[in-house]
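Chain by chain, the residues run as shown.
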Amino acid sequence: MVNGLGQRLQKQRILRNLSQKEVSSSIGVSASVISNYESGERTPSTEILIALAHLYHCSTDYLLGIDKIENSKQLDVSMLNDKQYQLLQSFLLSLQE
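In short, a report on the structure. Keep in mind the model is a prediction, meaning the values are calculated, not measured.

## Comments concerning helix α3 (residues 31-39)
Think of an α-helix as turning once every 3.6 residues; residues three or four places apart then point the same way.
Argument step 1. Along α3, the residues classified as buried are V33, I34, Y37 and E38. Angularly, the buried residues of α3 cover 135 degrees about the axis, an arc narrow enough to put them on a single face.
Argument step 2. Contacts from the buried residues of α3 go to α1 (5-15), α2 (20-27) and α4 (46-56).
Argument step 3. Trailing α3 by a residue or two, G40 shows a phi angle of about 85 degrees, which is positive.

## Looking at the nonpolar core
Argument step 1. Counting residues in hydrophobic clusters, the biggest one holds 15 residues, and the most contacted among them are L9, Y37, L52 and L63.
Argument step 2. Of all the secondary-structure elements, those providing two or more residues to this core are α1, α2, α3, α4 and α5 (60-64).
Argument step 3. For this core, the leading source of residues is α4, giving five residues.
Argument step 4. When near neighbours in sequence (up to four residues on either side) are disregarded, L52 contacts L9, V23, I27, I34, Y37 and L63.

Definitions and cut-offs
Residues numbered from 1 in each chain as written. Predicted model: local features only at pLDDT ≥ 70, side-chain atom pairs only at ≥ 80, totals over all residues. Heavy atoms only, no water. Buried < 20%, exposed > 50% of the residue type's maximum accessible area, 1.4 Å probe, protein only. Helix = DSSP H or I, 4+ residues; strand = E, 2+ residues; numbered from the N terminus. Arc of directions from axis to C-beta. Contact = heavy atoms within 4.5 Å. Core = buried A, V, L, I, M, F, W, Y, C linked by side-chain atoms within 4.5 Å.

Printed below as a string of structure tokens:
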């Protein structure tokens, strides 16, 4: 098991006021599997890890402990078209100057 993965999974679930059963239904596994992930008894597959990151609106890097930034400090720009994304990127770069 990746060090701290279970704790981060549990933290994200609790932050979203979701039960293990709700999470399990969303990603297509049993509630006991979610419990095993959170307790560190099992490690999720890559596909399940991606599904959990999507459900929790955070990165897989955060869940794996690679990236220390939680989802609350990240922006979801998936709904922007290319032009909007470029404008946002230009704006953010202008703030750094």
